[in-house]
Every structure is written in C-alpha cells, then in structure tokens.
Amino acid sequence: TVATFPLQVAQSRLRAVREHRDGQASVPPELRGMVPCLRHAFRKGGVMGLYSGLWPKLVQTVTQAAFMFAFYEKIHWVIRRATRKSLRRTWRRGALKTVQQV
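Below or above, wherever it landed, is the structure these notes cover.

Parameters and conventions
Residues numbered from 1 in each chain as written. Predicted model: local features only at pLDDT ≥ 70, side-chain atom pairs only at ≥ 80, totals over all residues. Heavy atoms only, no water. Helix = DSSP H or I, 4+ residues; strand = E, 2+ residues; numbered from the N terminus. Buried < 20%, exposed > 50% of the residue type's maximum accessible area, 1.4 Å probe, protein only. Contact = heavy atoms within 4.5 Å. Core = buried A, V, L, I, M, F, W, Y, C linked by side-chain atoms within 4.5 Å. Patch = residues over 30% accessible without salt bridge, like charges linked within 9 Å, V, L, I, M, F, W, Y side chains within 5 Å. Areas by Shrake-Rupley, 256 points an atom, 1.4 Å probe, with all protein chains shown as cover. Salt bridge = Lys/Arg side-chain N within 4 Å of Asp/Glu carboxyl O. Expected span 1.5 Å × (residues − 1). Bend = angle between axes of the 7 residues up to and from the residue. Phe/Tyr/Trp six-rings, centres within 6.5 Å; stacked < 30°, edge-to-face > 60°.

1. Structural notes on the overall build of the protein chain
Helix and strand content of the protein chain: 3 helices and 0 strands. Going from N to C terminus, the protein chain has its helices and strands arranged as α-α-α. Out of the 102 residues in the protein chain, the part that is buried amounts to 13%. Contacts spanning at least 24 positions in sequence make up 59% of the contacts within the protein chain whose residues lie at least 6 apart.

So, in structure tokens, the structure goes:
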C-alpha cells in the first residue's frame, strides 16, 4: 500500500478531473497523464504531496484486515465445533452398533 500509494493519488486526481470536466476540451497540462500528475503533486507538496491521504487509507486497511481476521477466526471456531460434535455422534453411533451386534 505504501509503495503504490502515489499511483493511487494520481489515479484519483485524474479520475476527478475527468468526472468534473463537463464537456471542457482543455485539461490542465499537469493532469494529462500519470507521470505529469505525479510530477505536479511532488512539485506542489513534495513527498507529502505524493502521500496525501495515506493515513485514512492505512486506517481503513488495518481495520478491514482486523475484521477479516476476527470473522475468519469465528467461522473457523464454529466449523471446528460442529465437526467435533458430528464426529462424537458418529463415534457413539458406531460404538453402540458394535455393542448391539455382540
């Protein structure tokens, strides 16, 4: 995420310009492509210009990963518990049949 974030910044800026153009034929030269957009962001804000909005994105990514992990763990626990109960029932039935046959 951190390594590719400047590309995401440029992509979102270019997308915003395309959506808000509303029929205007001229696009500012700094927003005519990925590289010019990255150059403009660097000249305007330095390294911080390339990484504007990184903190909210990291919070979103970490939160999403935490929820996915918690969800996975809960589902895994439910499946393990159901499997254990099923195995116990199967074993008991099998043991009962063996005792009844003798």
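2. A look at the environment of glycine 49
Within the secondary structure layout, glycine 49 lies in helix 2 (residues 34-50). Considering only alpha carbons, one finds glycine 49 and proline 6, 43 residues apart in sequence, at a separation of 8.5 Å. When neighbours within four sequence positions are excluded, glycine 49 is seen to be in contact with Val9, Arg13 and Ala41.

3. Describing the environment of valine 9
Residue placement: valine 9 occurs in helix 1 (residues 5-20). Assessed through its relative accessible area of 7%, valine 9 is described here as buried. Taking C-alpha positions, valine 9 is 6.8 Å from leucine 50, a pair spaced 41 residues apart along the chain. Once residues within four sequence positions are removed from consideration, valine 9 is found in contact with Gly49, Leu50 and Ser52.

4. Brief notes about the nonpolar core
Membership of the largest hydrophobic core is limited to 5 residues, which are Ala10, Leu14, Val27, Leu31 and Cys37. Not counting chain neighbours up to four residues away, the residues in contact with leucine 14 comprise Leu31, Arg32, Gly33, Met34 and Cys37.

5. Overview of a nonpolar patch on the surface
Taken together, the side chains of Leu7, Met34 and Val35 make up a nonpolar region of the molecular surface, amounting to roughly 240 Å² of accessible area. Its place among the elements puts methionine 34 in helix 2.

6. Examining helix 1
Taking 1.5 Å per residue, 16 residues should reach 22 Å; helix 1 reaches 23 Å between its end C-alpha atoms and fits that length. What helix 1 keeps buried is the set Phe5, Pro6, Val9, Ala10 and Leu14.

7. Considering helix 2
Here helix 2 is 17 residues long, yet its end C-alpha atoms lie only 12 Å apart, well below the 24 Å a rise of 1.5 Å per residue gives. In the structure, helix 2 departs most strongly from a straight axis at lysine 44, where the bend amounts to approximately 110°. Those residues of helix 2 lying buried are Cys37, Ala41, Gly49 and Leu50. The inward-facing, buried residues of helix 2 abut helix 1.

8. A word on the packing of aromatic side chains
Tallied over the full model, the rule gives 1 aromatic pair. When the centroid spacing of 6.4 Å and the interplanar angle of 10° are considered together, the rings of phenylalanine 5 and tyrosine 51 count as stacked. Residue phenylalanine 5 is located in helix 1, and its partner tyrosine 51 is located in the loop between helix 2 and helix 3 (54-101); the two are separated by 46 residues in the primary sequence. You can call tyrosine 51 partly exposed: its relative accessible area is 26%.

Note that every value here comes from positions in space, so none of it alone points to a role or purpose.
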